[in-house]
Amino acid sequence: MRLSGITPSGHAQLGNHLGAIARWAADGAPEDLYFVSDLHAMTTTHNPAGLRGRAGELLAVLIASGIPAERVFVQSDLARELGALTWVLECTCSYGEAARMIQFKEKAGGQHGVRLSLLTYPVLMAADILLQGADEVPVGQDQSQHVELARALARRFNSTYGEVFTIPEPVLPVTGARVRDLADPTRKMSKSTRDSAGVVFVLDEPTLIRRKIRRAVTDAQPAPAYDPETRPGVSNLLEILGACTGTTPQEVAAEYTSYGALKEAVAAAVIETLRPVREHTLALLSDPAELDRVRKAGAVRAAERGEHRVNAALRLIGAG
Ligand code: ATP
Ligand code: MG
């Protein structure tokens, strides 16, 4: 069983859709789980109302993208189970192990008032994984050290107190296209980027999507061609068009001799790709009572799945 989370650190963007969410919807197995990791968005300064809004919106986007509602949940709806398990795992983890995490060193380095949760969130991540008994965790390079920590904690708990946890394996994520920022194609498109000029959000209106794509940075060569190394801007547009139309960037490149025509085609394809997701998301958000019902059902299922593991872990470690 695979478990994947997405943090509401911003609004879902085209790269999240093409690279992750659409793949989850298409390739996921019936027992897989997807969650909105809102508790992980509190390790640095955050706005409570903004976070709550983005978490609900992201849940709606996941469902609207075709992930069955029974396979999604919001992490904070399991705050009690996860809080208890995080404590058990913190009592299984050494300070040195947590402080060694590269992400912590990178993000905390030299800053004042660093939240303790920035140090301990990998333990919460271990709790996310171990609570559900996930045996496969798709993660990128930047998070693989955290899955190693989850493995180490699961092994240590099992051998010290008794067998409770499945040992998770990091697996290569199923990925689609890697989308770059339209305004700065040297970096990837990200939902938490402050300047959103080069970021197409899943819920952007069609006119805004078209404007952002028309303004995408290309280069001074006479015609489009696919060469990601030397021509990242135009290659990004070709990759996006290929991903949206189910073909390759090389094939797409052969069809366009002008940047204007290419950009119009990319805009049309992105708008059509996102249209059903946007419409379905807005419909879900316009019926908060129904979305809340779906959300609660997902939370109950996910909590029930993991309940016996928290209870067993607490009992074995000497609590209750
Ligand atoms: P943040 O800025 O908070 O890191 P993000 O947009 O990079 O946000 P993540 O939450 O880090 O998104 O990643 C969620 C999923 O989306 C991951 O599976 C990641 O690989 C995928 N993803 C993120 N950005 C892109 C992108 N530009 N192209 C393709 N896939 C992406
Ligand atoms: Mg990211």
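As the structure is a prediction and not an experimental result, all values here were calculated from the model. (Residues numbered from 1 in each chain as written. Chains lettered and ligands numbered in written order. Predicted model: local features only at pLDDT ≥ 70, side-chain atom pairs only at ≥ 80, totals over all residues. Heavy atoms only, no water.)

S.K.: Break down the domain arrangement of the protein for me, citing the residues and quoting the values.
M.R.: How big an interface is tends to be stated in terms of the accessible area lost upon association of its parts. Domains assigned within the protein are domain 1 (3–171 + 287–317) and domain 2 (196–283). Relative placement of domain 1 and domain 2: their C-alpha centres are 32 Å apart. Contacts between the two partners involve 13 residues from domain 1 and, on the opposite side, 15 residues from domain 2. Across the domain 1/domain 2 interface, buried area totals approximately 1,100 Å², and carbon plus sulfur atoms make up 77% of it. Viewed at the interface, domain 2 and domain 1 are joined by 0 salt bridges. Inspection of the region where domain 1 meets domain 2 yields 3 residue pairs in polar contact (both at pLDDT 80 or more). At the level of elements, helix H1 (14–27) and helix H2 (48–64) are the ones that each hand at least two residues to the side of domain 1 that touches domain 2. Sort the elements by how many residues they give to the side of domain 1 that touches domain 2 and H2 lands first, with 5 residues. When grouped by side-chain class, the residues that make up the side of domain 1 that touches domain 2 number 7 nonpolar, 4 polar and 2 charged. (Domains from an automatic or database assignment. Contact = heavy atoms within 4.5 Å. Buried area = accessible area lost by both parts, 1.4 Å probe. Salt bridge = Lys/Arg side-chain N within 4 Å of Asp/Glu carboxyl O. Polar contact = N/O pair within 3.5 Å; in protein donor to acceptor, adjacent residues only side chain to side chain. Helix = DSSP H or I, 4+ residues; strand = E, 2+ residues; numbered from the N terminus. Nonpolar A, V, L, I, M, F, W, Y, C, P; charged D, E, K, R; others polar.)

S.K.: Which residues make up the site of ligand 1, and what are the values?
M.R.: Near ligand 1 you find 15 residues, and of these Ser9, Val179, Lys188, Lys191 and Ser192 are the closest. Between ligand 1 and the protein, one listed contact pairs an oxygen atom with a side-chain N or O atom of Lys191 at 2.6 Å. Coverage of ligand 1 by the protein chains reaches 75% of its 590 Å² of free accessible surface. The leading source of residues in the shell around ligand 1 is H1, at 4 residues. Residues that form the shell around ligand 1 fall into these classes: 5 nonpolar, 7 polar and 3 charged. (Near = heavy atom within 4 Å. Areas by Shrake-Rupley, 256 points an atom, 1.4 Å probe, with all protein chains shown as cover.)

S.K.: Explain the packing of aromatic side chains residue by residue, including any values.
M.R.: Summed over all chains, the structure comprises 4 aromatic pairs. A centroid spacing of 5.1 Å and a plane angle of 25° characterise the contact between Trp24 and Tyr34, whose relative ring orientation is stacked. Separated by 10 residues along the polypeptide, Trp24 in helix H1 and Tyr34 in strand E2 (residues 33–36) bring together distant segments of the chain. Across this residue pair, the class does not change: Trp24 and Tyr34 are buried. Ring geometry for Phe157 against Phe165: centres 5.2 Å apart, planes inclined by 65°, an arrangement best described as edge-to-face. Here Phe157 matches Phe165 in class, with each residue buried. Three or more aromatic residues link up through ring pairs in this structure, and these residues are Phe157, Tyr161 and Phe165. (Phe/Tyr/Trp six-rings, centres within 6.5 Å; stacked < 30°, edge-to-face > 60°. Buried < 20%, exposed > 50% of the residue type's maximum accessible area, 1.4 Å probe, protein only.)

S.K.: Could you give me a rundown of the side chain of Glu239, with the residues and numbers involved?
M.R.: With respect to the helices, strands and loops of the structure, Glu239 is situated in helix H9 (residues 232–245). Taking the relative accessible area as the measure of exposure, Glu239 reaches 14% and is therefore buried. Beyond its immediate chain neighbours, meaning those up to four positions away, Glu239 contacts Arg178, Arg180, Tyr226, Pro228 and Pro249.

S.K.: Break down the pairing of strand E1 (residues 3–6) for me, with residues and values.
M.R.: As paired elements, E1 and E2 share 4 bridges and run parallel to each other. Within the sheet, the bridge partner assigned to Ser4 lies in E2 and is Tyr34. In terms of handedness, the path from E1 via H1 over to E2 forms a crossover that is right-handed. (Pairing = 2+ DSSP bridges. Right-handed = clockwise from strand over helix to strand, strands pointing away.)

S.K.: Go over the sheet that holds E2 with me, naming the residues and quoting the values.
M.R.: Within the open sheet, the 3 strands sit side by side as E1-E2-E3. Their pairing is parallel. This sheet does not close on itself; its edge strands, each paired only once, are E1 and strand E3 (72–74). Neighbour to neighbour, the strand axes of the sheet diverge by 25° on average, direction disregarded. Together, E1, E2 and E3 form the strand contacts of H2, whose direction differs from that of E3 by roughly 180°. Against the sheet, helix H6 (residues 116–132) touches E1, E2 and E3, its axis set at about 145° to E1. (Axes fitted to C-alpha atoms, helices over the stretch in contact; angles between N-to-C directions.)

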